[in-house]
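# Observations on the three-dimensional arrangement
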Amino acid sequence: MNKPEKKSNEKFWLKLDNAAKIFPGQNKSKWSNIFRFALTLTEKIDPCLLEQALQDVLPRFPCFDVRIRRGIFWYYFEKNAYKNPPVMPDIKNPCHRVKFNENRYFLFRVYYHENRIAVDFFHALTDGYGASVFVSTLAAQYLRLLGKEIGVGGSVLDLHEPPSESDLEDAFERFASSKVKAKRADSFVYHRTGEKMPAHNVNVTTGYIPVDKLLETARAHSATITEYLASILMYVHYQRQLAEERKQKEVSVQIPVNLRRLYDTTTLRNFSLCYSVRIDPNLGEYTFEEILKQVSLYLRYVNNKKQLNAMMTANMGLERNPVMRAMPLFIKDLGIGISFLITGEQTTTALLTNLGPISLPKNMEPFVQRAMFMAGPGVLNGARLGAVSCKDVFAVTFANIYKNSDIERDFFTALVKRGLPVRIESNRD
Amino acid sequence: MSYCVNCGVELDKSAKKCALCATPVVNPNEKNEEHPQAPPYSSTLVIPKGVSRKYVAFIISMVILIPNIVCVIVNLLLPHTGSWSVYVVASSALVWFLFVFPSLMSRSHPYILLSVDTVTSLLYIYIFYALNKQEGWFSRVAVPLVALFSLICLFMVKWLAKERDGVHIAMVVLAEIALFSVFTDAVVNYFYVTGRLIFVSIPVSVSCFALIGFFVFVAKNKRFRAWLSQKFFV
């Protein structure tokens, strides 16, 4: 086996962005906050060409070409001495934990399987948007190496352009300016649990749905796709809890929002926030329509610059706090670890992160079949959903740490009952 | 293409059963395909390596060993201060056998560990006994107490080999606490000839039996168990 090549000792370093700061502290030997973005092309992937494409693309993404280091007070990114991470055949258990000294110190892993290019990202590096841009640009360059004429635009960046300052900025720092800090939701909520999979295993189930039909169905209910899917997810959890005949807890769905839609930045680093929409079954019985109305109204109420800025400012407040800043890193890590253990996923029943449509250059579209976005497996949540649409296919993927598949089944059969055709792909045996 | 007859979803061409409900796929039209489609995921499972337990055991052993060597050297250089380093070394050895030694085993061997821990504990107590030059209590108090404790542990290891209900475990542990307290009371009182064989252990064992009574009631009464789990769920 060839020894991986090392580059020159360039000194380039970056602070972690505000959202990224908690992820290394949460990183444990059995669990990491990691997610996957994948593109399925029309031809079988050649790993040598993919590695070449990766080497071509990485200089355009200096914020990905890094390793993580421990400082005295904070973690930081330093330019990685290796040329590229290894390109590996895909595995059955995507998004297993990250160890900072593996994978040639890179914080993303590149896989291929048949026609699919899949990349697992440690969340400290970027969010779903940054991941989609990276994988789309990588796939575009791979297709160019195959001799196809592929342009730039949408999620595909121009490799001849140098990375801009805006690409690398911590946008939270620039935009968090509210005078008010938003309060966090704190009550513990319902979780559909069961027998857990062994450590490092996860059940991945993707449902592919025609995007036009899904949009039509959501619009018929005066809702967006995210609102519609979040409502179905909430409804199936609500129904499951009722069937358990136990004291009813609140049901909440956490929904990350891409802040780039509201703030003028092209950062490739984290720039998203999560809000939770919840219902309390103790208030009375809910129909699906009532849940959909509540979800729609709440999401439209919070999805504005003022509310989001207050949330951003609350998060920045911790980082700007002089006492917090002066604390040595190991104490911060300990605090983050304990707070994640106590609250973490206790305040959310499920997660739904919808990246929205991925826009590719017109001349690239014929070579791409579909995209897939997978949220990382949880520590308590069985239903963590990632969704993305590419061309005319909408893909929604469950990452489930439990053996039972009842929530996935309830969710997808609910779509089928509403007249939507769903095609299922899974890593289950 | 195949559809699940139970869920109504379209399945991947390579699927042998539905990923949502495990209903087997039966599609006579797709049985003899020349080029069967590859499954959507590889079958390779990557289980990341954890921290080596032997490596951690080695580090802890070194951390324990260094201050012990220092103590022994200091004690040898200052003989008039007594043989205090024996206590340090003996205590460190006990800690090592109880907590570090199990990490050196690649598989769990509860019976071997229990035997080693019993012998080590007896040796540890014997060192104190021998250095203080008191007569009698080692064989008449320490050995019976350590032996009974080991027997209780042996019983628990054997009994817990099968999955047990939490209520039954609580009852057995309480019975063992009562037994051990009565035995300790009797052995100590017999050795010191206090006149009463059992005294201090009475409130302990009565409390244990009262709690056992409560758990027996809980185990037998399904409605009460349901009420408890509803009131005390976390």
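In this text the structure is predicted, and so the values were computed from the model without any measurement.

All right, on to the overall build of chain B then. Helix and strand counts for chain B stand at 7 helices and 2 strands. In sequence order, the secondary structure elements of chain B are arranged as β-β-α-α-α-α-α-α-α. Rg of the C-alpha trace for chain B: 30 Å, well past the compact-globule value of 17 Å for 234 residues, more than 25% over. In chain B, which comprises 234 residues, the proportion classed as buried is 29%. Excluding contacts between residues fewer than 6 apart, the proportion of contacts in chain B whose partners are at least 24 apart in sequence is 46%. Of the accessible surface of chain B, which amounts to about 16,000 Å², a share of 69% is contributed by carbon and sulfur atoms. Computed over 19 positive and 11 negative side-chain charges, the inter-centroid distance for chain B is 10 Å.

With that settled, consider the sheet that holds strand 8 (residues 203-210) of chain A. Spatial ordering of the open sheet is given by 10(A)-9(A)-11(A)-13(A)-14(A)-8(A)-15(A)-2(B)-1(B), a layout of 9 strands whose pairing is mixed. Among the strands making up the open sheet, the edge pair consists of strand 10 (272-279) of chain A together with strand 1 (2-3) of chain B. The pairing of strand 11 (residues 350-358) of chain A with strand 13 (residues 384-390) of chain A spans 6 bridges and is parallel. Looking at the pairing, Leu 352 of chain A lines up with Leu 385 of chain A of strand 13 of chain A. Each of strand 9 (251-258) and strand 10 of chain A touches helix 8 (residues 288-302) of chain A; the most contacted strand, strand 10 of chain A, lies at about 145° to it. Along the sheet, helix 9 (residues 305-320) of chain A contacts strand 9 and strand 10 of chain A; its crossing angle with strand 10 of chain A, the most-contacted strand, is approximately 110°.

Along an α-helix, residues three or four apart share an orientation, since each turn contains 3.6 residues. Residues and elements named next belong to chain A. Buried within helix 2 (residues 47-57) are the following residues: Leu 50, Ala 53, Leu 54 and Val 57. Seen along its axis, helix 2 keeps its buried residues to an arc of 105°; they face one direction. Two or three places before Cys 48, at the start of helix 2, stands the capping residue Asp 46, its side-chain oxygen 3.0 Å from that residue's backbone nitrogen.

Along the chain, Lys 179 of chain A falls in the loop between helix 5 (171-175) and strand 8. Taking the relative accessible area as the measure of exposure, Lys 179 of chain A reaches 86% and is therefore exposed.

Here the focus is the packing of helix 2 (residues 85-100) of chain B against helix 3 (residues 110-132) of chain B. All names here are of chain B. Where helix 2 contacts helix 3, the two axes come as close as 9 Å, and the packing angle between them is 170°. The angle between helix 2 and helix 3 places the two elements in the roughly antiparallel class. Two secondary-structure elements touch here, helix 2 through Val 86, Tyr 87, Ala 90, Ser 91, Leu 94, Phe 97 and Leu 98 and helix 3 through Val 116, Asp 117, Thr 120, Ser 121, Tyr 124, Ile 127, Phe 128, Leu 131 and Asn 132. A class-by-class count of the residues in the contact of helix 2 with helix 3 yields 11 nonpolar, 4 polar and 1 charged.

Another aspect to go through is the domain arrangement of chain B. Split into domains, chain B comes out as domain 1 (1-40) and domain 2 (163-234). Distance from the C-alpha centre of domain 1 of chain B to the C-alpha centre of domain 2 of chain B: 57 Å.

Moving on: the packing of aromatic side chains. Overall, the coordinates contain 44 aromatic pairs over all chains when judged by the stated rule. Among the aromatic side chains, those forming a connected cluster through ring pairs are Phe 35, Phe 37, Phe 61, Phe 64, Phe 106, Phe 108, Phe 121, Phe 134 and Phe 373 of chain A. Positioned above the aromatic ring of Tyr 41 of chain B, the side-chain terminus of Arg 116 of chain A is 4.7 Å from the ring centre. The ring of Tyr 208 of chain A has Arg 370 of chain A lying over it, and the distance from NZ or CZ to the ring centre is 4.8 Å.

Moving on, we get to unusual backbone geometry. All names here are of chain A. The backbone of Asn 103 sits at a positive phi, close to 55°, despite the residue not being glycine. Tracing the backbone shows Asn 103 in the loop between strand 5 (87-89) and strand 6 (108-113). According to the relative accessible area criterion, Asn 103 is buried, its value standing at 15%. Unusually for a residue other than glycine, Glu 245 sits at a positive phi of about 50°. Following the sequence through the fold, Glu 245 ends up in the loop between helix 7 (225-243) and strand 9.

All names here are of chain A. For strand 13, the tally of buried residues reaches 7 of 7 residues, placing the bulk of the element in the interior. Residues Arg 384, Gly 386, Val 388 and Cys 390 point to one face of strand 13 and Leu 385, Ala 387 and Ser 389 to the other, with burial holding for every one of them. Pairing analysis gives 7 bridges linking strand 13 to strand 14 (residues 393-400), with the strands arranged antiparallel. Note on strand 14: the bridge partner recorded for Arg 384 is Ala 399. If you look at the hairpin formed by strand 13 and strand 14, you'll find 2 residues sitting between the two strands, and Lys 391 has a positive phi there, around 55°.

Reading guide: rules and limits
- Residues numbered from 1 in each chain as written.
- Chains lettered and ligands numbered in written order.
- Predicted model: local features only at pLDDT ≥ 70, side-chain atom pairs only at ≥ 80, totals over all residues.
- Heavy atoms only, no water.
- Helix = DSSP H or I, 4+ residues; strand = E, 2+ residues; numbered from the N terminus.
- Rg over C-alpha atoms; globule rule 2.2 N^0.38 Å.
- Buried < 20%, exposed > 50% of the residue type's maximum accessible area, 1.4 Å probe, protein only.
- Contact = heavy atoms within 4.5 Å.
- Areas by Shrake-Rupley, 256 points an atom, 1.4 Å probe, with all protein chains shown as cover.
- Lys, Arg positive; Asp, Glu negative; His and termini not counted.
- Charge placed at Lys NZ, Arg CZ, Asp CG, Glu CD.
- Pairing = 2+ DSSP bridges.
- Axes fitted to C-alpha atoms, helices over the stretch in contact; angles between N-to-C directions.
- Arc of directions from axis to C-beta.
- Polar contact = N/O pair within 3.5 Å; in protein donor to acceptor, adjacent residues only side chain to side chain.
- Parallel < 35°, antiparallel > 145°, perpendicular 65-115°, else oblique.
- Nonpolar A, V, L, I, M, F, W, Y, C, P; charged D, E, K, R; others polar.
- Domains from an automatic or database assignment.
- Phe/Tyr/Trp six-rings, centres within 6.5 Å; stacked < 30°, edge-to-face > 60°.
- Lys NZ or Arg CZ within 6 Å of the ring centre and 35° of its normal.

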